[in-house]
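Understanding the architecture of this molecule
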Amino acid sequence: MNRDETSTEADGFADRLVGADADGEDQAVEAALRPKTLGEFVGQERVREQLDLVLRAARARGATADHVLLSGAPGLGKTTLSMIIAAEMGAPIRITSGPAIQHAGDLAAILSSLQEGEVLFLDEIHRMSRPAEEMLYMAMEDFRVDVIVGKGPGATAIPLELPPFTLVGATTRAGLLPPPLRDRFGFTGHMEFYEPGELRRVVHRSADLLDVEIDPDGAAEIAGRSRGTPRIANRLLRRVRDYAQVKADGRIDAAIASAALDVYEVDTRGLDRLDRAVLKALLKLFGGGPVGLSTLAVAVGEERETVEEVAEPFLVREGLLARTPRGRIATPAAWTHLGLVPPQAQAPGAGQGGLFGT
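Residues numbered from 1 in each chain as written. Predicted model: local features only at pLDDT ≥ 70, side-chain atom pairs only at ≥ 80, totals over all residues. Heavy atoms only, no water.

On a plain count of helices and strands, the chain comes out with 15 helices and nine strands. Across the 358 residues of the chain, 44% fall into the buried class. Excluding contacts between residues fewer than 6 apart, the proportion of contacts in the chain whose partners are at least 24 apart in sequence is 71%. Here the chain displays about 17,400 Å² of accessible surface, and carbon together with sulfur accounts for 51% of that area. (Helix = DSSP H or I, 4+ residues; strand = E, 2+ residues; numbered from the N terminus. Buried < 20%, exposed > 50% of the residue type's maximum accessible area, 1.4 Å probe, protein only. Contact = heavy atoms within 4.5 Å. Areas by Shrake-Rupley, 256 points an atom, 1.4 Å probe, with all protein chains shown as cover.)

So, in structure tokens, the structure goes:
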């Protein structure tokens, strides 16, 4: 299985409350919550400023904008920015994804139907097939593709001129993009995880749109457990809203937000049941490690891929777990977070008596 393909086991956790991937409900709600302009977009200050210059210059020249590559973790706003690019340029947008383009003919059909100035958003662009990728090189640079008719010695390449368009590529794994493709993008922006203050603004904005009454402390409580990701913040806000409507008067403050997220097993650092299970096994069963991934997965009762791809990335980013050549080890922060005391280091010379030691 390719590393960029999600495993079956990991799919079982795709609907985690703190998962960054969007399910059907998220996609429906996000459509209503998405900002429509760069001015409304919260966070990503550097990318937003740079992108604003690119779009303003293109409009001043009366030309289509340069091709744009956006990289970063899921849920940080890549799709939203692609829609904003189209809105700022006054152009329609067409949305597709790399896995949906498995043949060069699939891409040729999309490109040949584009209008002049249209924005083509290609999500997970690193998962596009190699033949389609090679066709995209010429389309991006020369606005032309060669359509192959026939097979074998009698095959003929028919050049097809394309109207100028803007490709917006999004990827969660920029390192998997071949250099020739990366070099054809005029602007590359890397999306960073959000700071708590930025997420508080996201929560307040979403609460206003959802007609939810929330105070600053309630917004801060939700933001602090959102793993630096707006999509997770919006999802937690909806679950806290449900709790407030059933258990309280509908208004969200810090106490209500904390109680609601405790019910959903999301702790103060954004860890959920799976994350804590991995840490507890590492600390209580193996003394903080090092321990092999397969052994740790068995101890947790999950598949190896689930632990490695679903739980570990956030734990490593939070500085709670480290990957070493000898195996996984817990950091001092992990012991502190779970309220456990690490085993004391052996005194100098202890246990080193050798074969004939006393």
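Now for the sheet that holds strand S7 (residues 187-190). Reading across from one edge, S2-S3-S6-S1-S7 is the order of the five strands in this open sheet, with parallel pairing throughout. Either end of the sheet is taken by a strand with one partner, and the two such strands are strand S2 (93-97) and S7. Within this sheet the neighbouring strands show an average axis-to-axis angle of 15 degrees, counted without direction. Looking at chain direction, S2 and strand S3 (residues 119-123) are connected through five bridges and run parallel. Considered in S3, the bridge of isoleucine 95 is made with phenylalanine 121. (Pairing = 2+ DSSP bridges. Axes fitted to C-alpha atoms, helices over the stretch in contact; angles between N-to-C directions.)

This paragraph deals with the nonpolar core. Of all hydrophobic cores here, the largest spans 48 residues; its most connected members are Leu51, Leu81, Ile214, Ile222 and Ile252. With seven residues, the top contributor of residues to this core is helix H10 (residues 230-247). What leucine 51 contacts, discounting residues up to four positions off in sequence, is Leu38, Val68, Leu81, Ile85 and Phe187. Listed in part, the 24 residues of the second largest apolar core include Met135, Leu162, Phe165 and Leu167. (Core = buried A, V, L, I, M, F, W, Y, C linked by side-chain atoms within 4.5 Å.)

As a further point, take the packing of aromatic side chains. Evaluation of the coordinates by the stated rule reveals one aromatic pair. Summarising the aromatic geometry, the rings of phenylalanine 143 and phenylalanine 165 are spaced 5.5 Å apart at their centres and angled 80 degrees between planes, so their arrangement reads as edge-to-face. Placement of the pair is phenylalanine 143 in the loop between helix H6 (130-142) and strand S4 (144-149) and phenylalanine 165 in the loop between strand S5 (156-161) and strand S6 (166-171), with a sequence separation of 22 residues. The ring of phenylalanine 314 has arginine 227 sitting right over it, with the charged end atom 3.9 Å from the ring centre. One residue, arginine 317, lies across the ring of phenylalanine 193, its end atom 3.5 Å from the ring centre. (Phe/Tyr/Trp six-rings, centres within 6.5 Å; stacked < 30°, edge-to-face > 60°. Lys NZ or Arg CZ within 6 Å of the ring centre and 35° of its normal.)

Moving on, we get to the packing of H10 against helix H11 (residues 254-263). In contact at an axis separation of 9 Å, H10 and H11 are set at 105 degrees when each is read in the N-to-C sense. Classified by the angle their axes make, H10 and H11 are roughly perpendicular. Across the interface between the two elements, Leu236, Val240, Tyr243 and Ala244 of H10 pack against Ile256, Ala257, Ala259, Ala260, Leu261 and Val263 of H11. Across the contact of H10 with H11, the residue classes tally to ten nonpolar, no polar and no charged. (Parallel < 35°, antiparallel > 145°, perpendicular 65-115°, else oblique. Nonpolar A, V, L, I, M, F, W, Y, C, P; charged D, E, K, R; others polar.)

A cis amide bond links glycine 289 with the next residue in sequence, proline 290, at an omega value of 10 degrees. Relative to the elements of secondary structure, proline 290 occurs in the loop between helix H12 (273-285) and helix H13 (293-300). Positive phi is not limited to glycine here, since arginine 227 has a value of about 60 degrees. Among the structural elements, arginine 227 can be located in the loop between helix H9 (216-224) and H10. In this structure arginine 227 comes out as buried when scored by relative accessible area, which is 8%.

Every buried residue belonging to H13 is among Leu293, Leu296, Ala297 and Val300, and all of these are buried. Seen from one end, H13 has its buried residues packed into an arc of 100 degrees, which puts them on one side. As for H13, its buried residues are in contact with H12, helix H14 (304-317) and strand S9 (327-330). A positive backbone phi angle near 85 degrees is found at glycine 301, which sits one or two residues after H13. (Arc of directions from axis to C-beta.)

A word on the pattern of salt bridges. Following the criterion strictly, the structure yields 20 salt bridges and no others. Close ionic contact of glutamate 40 with arginine 205 constitutes a salt bridge, the shortest N to O distance being 3.6 Å. A residue pair is termed long-range when its members are at least 10 positions apart, and glutamate 40 in the loop between helix H2 (24-33) and helix H3 (45-61) and arginine 205 in helix H8 (residues 196-209) qualify at 165 residues. A relative accessible area of 23% means that arginine 205 is categorised as partly exposed. Its salt-bridge partner being arginine 323, residue glutamate 312 comes within 2.8 Å of it at the nearest N-O pair. Remark: arginine 323 occurs in strand S8 (residues 321-324) and glutamate 312 occurs in helix H14; sequence separation between them is eleven residues. (Salt bridge = Lys/Arg side-chain N within 4 Å of Asp/Glu carboxyl O.)

Attention now goes to the side chain of aspartate 215. Relative to the elements of secondary structure, aspartate 215 occurs in the loop between H8 and H9. In this structure aspartate 215 comes out as buried when scored by relative accessible area, which is 14%. Of note is the side chain of aspartate 215, whose polar atom sits 3.2 Å from the backbone nitrogen of aspartate 217. Looking at aspartate 215, its side chain comes within polar contact range of the main-chain nitrogen of glycine 218, at 2.6 Å. (Polar contact = N/O pair within 3.5 Å; in protein donor to acceptor, adjacent residues only side chain to side chain.)

Shape descriptors only; they carry no functional weight alone.
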